[in-house]
Amino acid sequence: MSANQTQPSATYDSAFLKACRREPVPHTPVWFMRQAGRSLPEYRKVREGIPMLESCMRPELVTEITLQPVRRHGVDAAIYFSDIVVPLKAIGIDLDIKPGVGPVVERPIRTRADLAQLRDLTPEDVSYVTEAIGLLTRELGSTPLIGFAGAPFTLASYLVEGGPSRTYENAKAMMYGDPELWADLLDRLADITAAFLKVQIEAGASAVQLFDSWAGALAPVDYRRSVLPASAKVFQAVADHGVPRIHFGVGTGELLGLMGEAGADVVGVDWRVPLDEAARRVGPGKALQGNLDPTVLFASTAAVEAKTREVLDSAAGLEGHVFNLGHGVMPATDPDALTRLVDYVHTRTAR
């Protein structure tokens, strides 16, 4: 990977980007999924009375929320504060994020005619993202900013189900019963997702993560046939931008090799598979990210450190390792436990 014109030079030699590129690092870099969020009292204060989607469209607020965990914890990367449904809202899908429920879609996509709801995303649709990332990169200096988007399968599941689901019966019924409609839906979503990531990279994001939160619901044969082509299209669309591409899903132990195959430079691993085994499944040529169980943070400091050593020992032979949790920070997590964890990983892995 070369430091081309889209790679912000201030962040190029950061521990996080070096680890993504599988280069030697001064210490194992650390960031946390959902590091900007409800675990932080300062987040709860600035979000008070502001609906989730509206908060994602206010550049100054997005900037403040994104910076909060960097200031507090000293993490090695910031992740852009947004939600996976933001690009869908931006193209006019009638949806809202309901507290305690999640994204709810007014008119779920169930027929070919419903695909007309999915028009192309333009930079003008998400001008607030470009503005916020401009503000952020000025503030962050040498700390990289990770852009992110939801993967086509997870977005399709929300759109077809009409909201969160434990069983995905409508989405899977379309996938099995009308594979052509399913393929066309995911292809449209791949274009929208790629456009959303390009906006973030062109505005100054130093890396991007594709969240396929719900991919763990799929068997490998179905993932390969019905999902991988769309995710691969997203990664291919941003391949020439020179920024590392991270791919993460929950419960995806059986899919790790395929998730790497989709085109990621870094594969995120949840807490169910040790990193040395994950490396065997993913194969050579990829860095790994993960994978402390987020619930460990509710235990004593000694227990957190013992489990962290297990993760670091498991990562000892990896080509590149970014320390993270195996899923997002849970809302009731003590922020001080996260600060101590960052410090512990940095100290323990100092080269």
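Naming follows an unreviewed UniProt entry, where the protein appears as Uroporphyrinogen decarboxylase of Streptomyces pharetrae CZA14. As stated in UniProt under Pathway (unreviewed entry), the record for the protein gives "Porphyrin-containing compound metabolism; protoporphyrin-IX biosynthesis; coproporphyrinogen-III from 5-aminolevulinate: step 4/4."

Caption draft 1: How the structure looks around the packing of helix 7 (residues 127–140) against helix 10 (residues 179–203). Where helix 7 meets helix 10, the closest approach of the two axes is 8 Å, and the angle between their N-to-C directions is 35 degrees. The chirality of how helix 7 crosses helix 10 is right-handed. Contacts from Val129, Thr130, Ile133, Gly134 and Thr137 in helix 7 reach Phe196, Val199, Gln200 and Ala203 in helix 10. The residue makeup of the contact of helix 7 with helix 10, split by class, is five nonpolar, four polar and no charged.

Caption draft 2: Focus on the nonpolar core. One finds Phe16, Leu118 and Leu185 to be the most contacted residues of the largest nonpolar core, which totals 126 residues. Residue contributions to this core peak at 13 residues, all from helix 10.

Caption draft 3: Expanded view of the pairing of strand 9 (residues 321–325). Burial runs high along strand 9: five of the five residues are buried. Alternating positions in strand 9 separate into two faces, His321, Phe323 and Leu325 on one and Val322 and Asn324 on the other, with burial throughout. Relative to strand 9, strand 8 (residues 287–292) runs parallel, the two being bridged by five bridges. In the sheet register, Gln289 faces strand 9, and the bridge partner there is Val322. You can see the chain leave strand 8, run along helix 15 (residues 301–314) and come back into strand 9, and the turn it takes is right-handed.

Caption draft 4: Representation of the UniProt feature "binding site: substrate" (unreviewed entry) in the protein within the structure. Under the local residue numbering, the UniProt record ascribes the feature "binding site: substrate" (unreviewed entry) to Arg34, Gln35, Ala36, Gly37, Arg38, Asp83, Tyr158, Ser213 and His327. Annotated residues spanning 294 residues; largest pairwise C-alpha distance 23.4 Å, indicating distribution over more than one region. Looking at the secondary structure, you find Arg34 in the loop between helix 2 (15–20) and helix 3 (41–47). When neighbours within four sequence positions are excluded, Arg34 is seen to be in contact with His327, Gly328 and Val329. Topologically, Arg38 is positioned in the loop between helix 2 and helix 3. Taking the relative accessible area as the measure of exposure, Arg38 reaches 55% and is therefore exposed. Filtering out sequence-adjacent residues up to four positions away, Arg38 remains in contact with Tyr43, Arg44 and Pro331.

Caption draft 5: Molecular detail of the packing of aromatic side chains. Taken as a whole and judged by the stated rule, the model has six aromatic pairs. Plain terms: the ring middles of Phe148 and Phe211 are 5.2 Å apart, the flat faces sit at 80 degrees to each other, and that makes the pair edge-to-face. Residue Phe148 is found in strand 4 (residues 145–150), and its partner Phe211 is found in strand 5 (residues 207–211); the two are separated by 63 residues along the sequence. Given a relative accessible area of 8%, Phe148 falls into the buried group. Members of the aromatic cluster, connected to one another through ring pairs, are Phe148, Phe211 and Phe248. Of note, Arg272 hangs over the ring of Trp271, and the distance from its end group to the ring centre comes to 4.2 Å.

Caption draft 6: Region of interest: helix 8 (residues 152–161). Counting buried positions along helix 8 gives 10 out of 10 residues, so the element sits mostly inside the fold. Of all the residues in helix 8, the buried ones are Pro152, Phe153, Thr154, Leu155, Ala156, Ser157, Tyr158, Leu159, Val160 and Glu161.

Caption draft 7: Just the pattern of salt bridges, in detail. Tallied over the full model, the rule gives 19 salt bridges. Of the charged contacts, one joins Arg72 and Glu42 as a salt bridge, the two residues approaching to 2.8 Å between their closest N and O atoms. Taken as a pair, Arg72 in helix 5 (residues 59–73) and Glu42 in helix 3 lie far apart in primary sequence, 30 residues in all. Overall, the relative accessible area of 29% leaves Arg72 in the partly exposed class.

Caption draft 8: Structural context of the UniProt feature "domain: Uroporphyrinogen decarboxylase (URO-D)" (unreviewed entry) in the protein. Within this structure's numbering, the places UniProt gives as "domain: Uroporphyrinogen decarboxylase (URO-D)" (unreviewed entry) are residues 29–38 and 146–162. Helix makes up 59% of residues 146–162 and strand makes up 29%, while its end C-alpha atoms are separated by 28 Å.

Conventions used here
Residues numbered from 1 in each chain as written. Predicted model: local features only at pLDDT ≥ 70, side-chain atom pairs only at ≥ 80, totals over all residues. Heavy atoms only, no water. UniProt positions renumbered as here; feature names shortened; annotations may be inferred. Axes fitted to C-alpha atoms, helices over the stretch in contact; angles between N-to-C directions. Helix = DSSP H or I, 4+ residues; strand = E, 2+ residues; numbered from the N terminus. Left-handed = near helix turned anticlockwise from the far one by under 90°. Contact = heavy atoms within 4.5 Å. Nonpolar A, V, L, I, M, F, W, Y, C, P; charged D, E, K, R; others polar. Core = buried A, V, L, I, M, F, W, Y, C linked by side-chain atoms within 4.5 Å. Buried < 20%, exposed > 50% of the residue type's maximum accessible area, 1.4 Å probe, protein only. Pairing = 2+ DSSP bridges. Right-handed = clockwise from strand over helix to strand, strands pointing away. Phe/Tyr/Trp six-rings, centres within 6.5 Å; stacked < 30°, edge-to-face > 60°. Lys NZ or Arg CZ within 6 Å of the ring centre and 35° of its normal. Salt bridge = Lys/Arg side-chain N within 4 Å of Asp/Glu carboxyl O.

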